[in-house]
Structure formats: C-alpha cells, structure tokens
Number of protein chains: 2
Amino acid sequence: MRVLYHLPLSPFSRKIRLALAEKKLEFELRLEKTWERREAFLAINPAGDVPVLAEEDGTVFADSWAIAEYLEETVPTPSLHGRDAKERAEVRRLVSWFDRKFNAEVTENLVGEKLMKRQARFGVPDSFAIRAGHANIGYHLAYIAFLCERRNWLAGDHLTLADLAAAAHLSCVDYLGDVPWSAHEETKVWYARVKSRPSFRPLLQDQIPGIPAAPPYADLDF
Amino acid sequence: MRVLYHLPLSPFSRKIRLALAEKKLEFELRLEKTWERREAFLAINPAGDVPVLAEEDGTVFADSWAIAEYLEETVPTPSLHGRDAKERAEVRRLVSWFDRKFNAEVTENLVGEKLMKRQARFGVPDSFAIRAGHANIGYHLAYIAFLCERRNWLAGDHLTLADLAAAAHLSCVDYLGDVPWSAHEETKVWYARVKSRPSFRPLLQDQIPGIPAAPPYADLDF
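As named in an unreviewed UniProt entry, chain A is Glutathione S-transferase, taken from Candidatus Defluviicoccus seviourii. The Subunit (unreviewed entry) field of the UniProt record for chain A holds the comment "Homodimer."

1. Some thoughts on the packing of aromatic side chains
Centre distance and the angle of the planes are the two values used to describe a pair of aromatic rings. Inspection of every chain in the model, using the stated rule, returns 25 aromatic pairs over all chains. On the numbers, 6.4 Å between centres and 45 degrees between planes, the contact of Trp97(A) with Tyr139(A) is tilted. One end of the pair, Trp97(A), is in helix α4 (residues 85–119); the other, Tyr139(A), is in helix α5 (residues 127–150), and 42 residues separate them in sequence. Its relative accessible area of 39% is what places Tyr139(A) among the partly exposed residues. With centroids separated by 5.1 Å and ring planes inclined at 70 degrees, the aromatic side chains of Tyr175(A) and Tyr217(A) adopt a geometry described as edge-to-face. Taken together, the residues span a long stretch of sequence, with Tyr175(A) in helix α6 (residues 161–175) and Tyr217(A) in the segment after α8 (201–204) at a distance of 42 residues. Like Tyr217(A), Tyr175(A) is buried. The rings of Trp181(A), Trp190(A), Tyr191(A), Phe200(A) and Phe222(A) are connected pair by pair, giving a single aromatic cluster. For Arg150(B), the ring lying beneath its charged end belongs to Phe146(B), and the centroid distance is 3.7 Å. For the cation-ring pair, Lys195(B) lies above Phe222(B), with the distance from its terminal atom to the ring centre recorded as 4.1 Å.

2. A short note on the UniProt feature "domain: GST C-terminal" (unreviewed entry) in chain A
Mapped onto the present numbering, the UniProt feature "domain: GST C-terminal" (unreviewed entry) falls at residues 84–216 of chain A. In this annotation, residues 84–216 of chain A is assigned 67% helix and 0% strand; the end-to-end C-alpha distance for the span is 38 Å.

3. Quick word on the pairing of strand β1 (residues 3–6) of chain B
All names here are of chain B. Where burial is concerned, the two faces of β1 agree: the one with Val3 and Tyr5 and the one with Leu4 and His6 are both buried. Relative to strand β2 (residues 28–31), β1 runs parallel, the two being bridged by four bridges. Bridging across to β2, valine 3 finds its partner in glutamate 28. Where the polypeptide runs from β1 across helix α1 (residues 11–22) and back to β2, its parallel neighbour, the crossover connection is right-handed. Bridge analysis of β1 against strand β3 (residues 52–54) gives three bridges, and the strand direction is antiparallel. Across the sheet, tyrosine 5 pairs through a bridge with valine 52, a residue of β3.

4. As for the packing of helix α4 (residues 85–119) of chain B against helix α6 (residues 161–175) of chain B
Residues and elements named next belong to chain B. Orientation of α4 relative to α6, taken along the N-to-C sense of each, is 10 degrees, at an axis distance of 9 Å. Our classification of the angle between α4 and α6 gives roughly parallel. The segment α4 lies against α6, with Val91, Leu94, Val95, Phe98, Asp99, Phe102, Asn103, Val106, Thr107, Leu110, Val111 and Leu115 engaging Leu161, Ala162, Ala165, Ala166, His169, Leu170, Cys172, Val173 and Tyr175. Across the contact of α4 with α6, the residue classes break down as 17 nonpolar, three polar and one charged.

5. Quick notes on unusual backbone geometry
For the bond running from Val50(A) to Pro51(A), omega is 5 degrees, close enough to zero to count as cis. Topologically, Pro51(A) is positioned in the loop between α2 (39–44) and β3 (52–54). Residue Pro78(A) is bonded to the preceding Thr77(A) through a cis peptide linkage, with omega at -5 degrees. We note that Arg37(A) has phi near 45 degrees; this positive angle belongs to a residue other than glycine. Note that Arg37(A) resides in the loop between β2 (28–31) and α2. In this model, Asp63(B) sits at a positive phi of 80 degrees, which is unusual for a non-glycine residue. Its location among the elements puts Asp63(B) in the loop between β4 (60–62) and α3 (64–74). For Asp63(B), a relative accessible area of 5% puts it in the buried group.

What counts, and where the lines are drawn
- Counting from 1, residues in each chain are numbered in the order their sequence is written.
- Note on labels: chains are lettered from A, ligands numbered from 1, in written order.
- Per-residue local features of the predicted model are confined to residues with pLDDT of at least 70, and side-chain atom pairs are confined, for both listing and counting, to 80 or more; whole-chain, interface and lining totals are unaffected and use all residues.
- Note that water and hydrogens are dropped before the side-chain values are worked out from all heavy atoms of the structure.
- UniProt positions are given in the numbering used here, feature names are shortened, and annotations may be inferred rather than shown by experiment.
- Note on aromatic contacts: the rings of Phe and Tyr and the six-membered ring of Trp form a pair at centre separations within 6.5 Å, being stacked when their planes are under 30 degrees apart, edge-to-face when over 60 apart, and tilted otherwise.
- A run of H or I in DSSP becomes a helix once it reaches four residues, and a run of E becomes a strand once it reaches two; helices and strands are each numbered from the N terminus.
- In this scheme, a residue with accessible area under 20% of its type's maximum is buried, one over 50% is exposed, and one in between is partly exposed, where area comes from a 1.4 Å probe on protein chains only.
- By the criterion adopted, a ring carries a charge over it if an Arg CZ or a Lys NZ lies within 6 Å of its centre and within 35 degrees of its normal.
- Paired strands, in this sense, are two strands between which DSSP finds at least two bridges.
- We call a crossover right-handed when, viewed with both strands directed away from the observer, the connection leading from the first strand over the helix to the second proceeds clockwise.
- In this description, a line fitted to the C-alpha atoms serves as the axis of each element, helices being fitted only across the stretch in contact, and the angle between N-to-C directions of two axes falls anywhere from 0 to 180 degrees.
- In what follows, roughly perpendicular refers to angles from 65 to 115 degrees, roughly parallel to angles under 35, roughly antiparallel to angles over 145, and oblique to any angle outside these ranges.
- It only takes one pair of heavy atoms within 4.5 Å for two residues to be counted as in contact.
- In this count, Pro and Cys sit with the nonpolar residues alongside Ala, Val, Leu, Ile, Met, Phe, Trp and Tyr, while Asp, Glu, Lys and Arg are called charged and the others, Gly among them, polar.

Written as structure tokens, this is what we have:
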C-alpha cells in the first residue's frame, strides 16, 4: 500500500493526509521522527522533512506542495485545486498564505516552540516567539472570516486545498488549545464544517505521548 | 501591458521574471517597496509581498508559486514544469528546495540581513545569521553539483523552473559577491549556462542605489 511518512503535528503532513482522504486514496501512515535524521529516510528525501509519499511501485514524492499537485494531476476527482486557471491561482495563493505566512507567524511560534522543540529536545521554548504567535493568530482568524463572508469556502464555491491547508495549521495550534475561538465566531463556523468531515476524523484521534490534546481538540461541538 | 510588481533582489520576483522571459511574454516591471506597505498594493495583495502579476484585463495574481503554475497552465510552451506528473513532481520538489530551504538557510541570512534590512531600515544586520548563511551555502552548492553530475539540468534533461528558482536565489547572493564559486567548479559551470541565457540579461543590469553589485555579478566569464 501507499505509505505516507509523517509527523502527527506537522501541518504539511496533515494537509496531505486530508487531501488523500478527500480523494478516497488509501494509505498507511508511518511516523518519521525527522530530528533523528535517519539515513534511509534522508536517502529518499535529502531535505529530511515530512510529508513524503511512497507509492506502491516505489516512486517517492517529497514536499507537500509537490505531493498535492501530483495527487491532483493523477487523481483529478474530486478536484481540490479548482476548475480553471484563475480559480487554481486563488487556491494556490491561499495555500501559500497558510503554508508560508501563517506557518511563519503562528504555527512555528506556537507549535514549533511549545511542542516540536520539546519532542526534538532542541532547546527551550522562546517566550518572545510564543507571545508573537498569540499576537499574530487573531489577524489570520479575521482574514479567514473576511473570506468566509464573501465565499462558501475559503477560495470559492467548493472545498479546496486552501481549506485543508488552513485547517491543517489551525488544528495543530488547536491541539495546544491556543486558538481563541470565542472571539472569532465566523471562523469557528467554517472550521467546524471542515472538522466534521470524515477526512478529518483520523487527525482528531492523534495523541502525542506525554503531551495530551487540549480538551476541545477532538470535540465537534467545541 | 502585463505588469510585474517586484523588488530587484527578491529571488521570488526574479524567478517569475525569468519564467516570463523564457516563455517570451512581455511585461513591464514596477518597483514595489514592500516595506512601505502601500495601501493600493495591499488591496491587490494582502500578503504585501512581491511578486504580483497584473494582467492587462485587470486580473491580479499573487504568490510566486501560484504565478508560475498559472503561467505554465496558460502558456504551456516552452514547458518549465516538465512533461509528465513524475517529472513535474521533481521540478516542484526542487523549486521548493530553493524557495524554502535555500531561502531560509542562505538567502535570508545573507541578502535579507545585509541588504533588505538596510533598504527597509529594519535594524542592523545580525552577524550570527550572516555566519550561518556563509556556512550553509557550500552544502547547497554541493547539492547542485550532485544533481548536475547525474542530469543535464537540475530536474532532468531540460531547463525547468527548478533551474530558474535556484539561479534566482544564487544571483541575489552573487550580487553581494557571497558565492564561493572557486570551490564549486561544477556548480559554476551550470550557473554560467543559466546566466548566459537571454532571459537572464535584464537581471544582470539591476543596480540597487547605494549598494553596487560585486564586480563579477554581471560578468558572463566570472
């Protein structure tokens, strides 16, 4: 079977888990502790990060953006990238927004500092970064609400990779209980819609040993 | 005419300038000092970064990854993304390598610290970051040589966006004179091939007021 090397709280891995599930593609999850820099893993992905997708024929795909595009090209239905070039440009702009901007301003500062550093025994959390993460998240939650006021889903009429990327990042922060949902009702309504999809269910069962999820994490009525 | 909002030493802008030129698409360059956070610019790209492509019909495309995919979809010849899904996955993996990994480990530490901070009057260069940039670049130059030993261009038989992305980043570092070419002969041979393409010529004429390019920057026989 297809194998996805992943880390439970890597938003990039989560985006691909969601994309695979939305496209009804079966896969086996394999935990890859990237900080151990396992030689056999570096041989298939010299960048050393997750996700990495290994197809049954032995072909290996690295980088979450490349994997998502590959899945869309080879399994076009249901489409996660949009129906024409302009729609796809908007989907990709938003995926980039979350994978670059939200990641640097929020995910790295909260999940990176509080959790990944601890898992990888890579120094102590930087309280300045954590404060920055808390300060930045509101602006992103407001941007999601702005989009939801104008559209059914983040990039338009249909659920796309933009929703999956955004929800993947938010779900990692939510594992820590660090999303101020009560101040962002409209964004919460959108997230509840993504969270209740069957593709999301496995993510809600993830547990990191020694770091339990905040109580509302798996609750569909949060 | 098509307008590209850019910064001369933004590797992401350079990648799109190269892609437009390789596809023989005419465009007008417009300098956007992103640190001024001009309101009319934020209205077309809330992320506030460059490049942004405005088509003649008024459609606006933001994010260099989304723009490159849009160009490939709408002007497929010459292809910059490869001929089939596997080739395209390899091209995208490498574009991501340079736009994420090289950018974080080298470009940000050298061009970001020495030049962008100065232009934007955004604090003083961090000497620790600059040392890290110098330490990291050799490993990336060796990776390019590793690829060139096995392939005609970085991702395979043909010039692709992977070469353009890599050369875009390297050219920014080269503007500062910070690429140790003499220790990486094979990488230099590859770069000379990209540098001598007509699409590259306008980049070699860029000059930042007050920060002249290192002498071999524009020299094709460097």
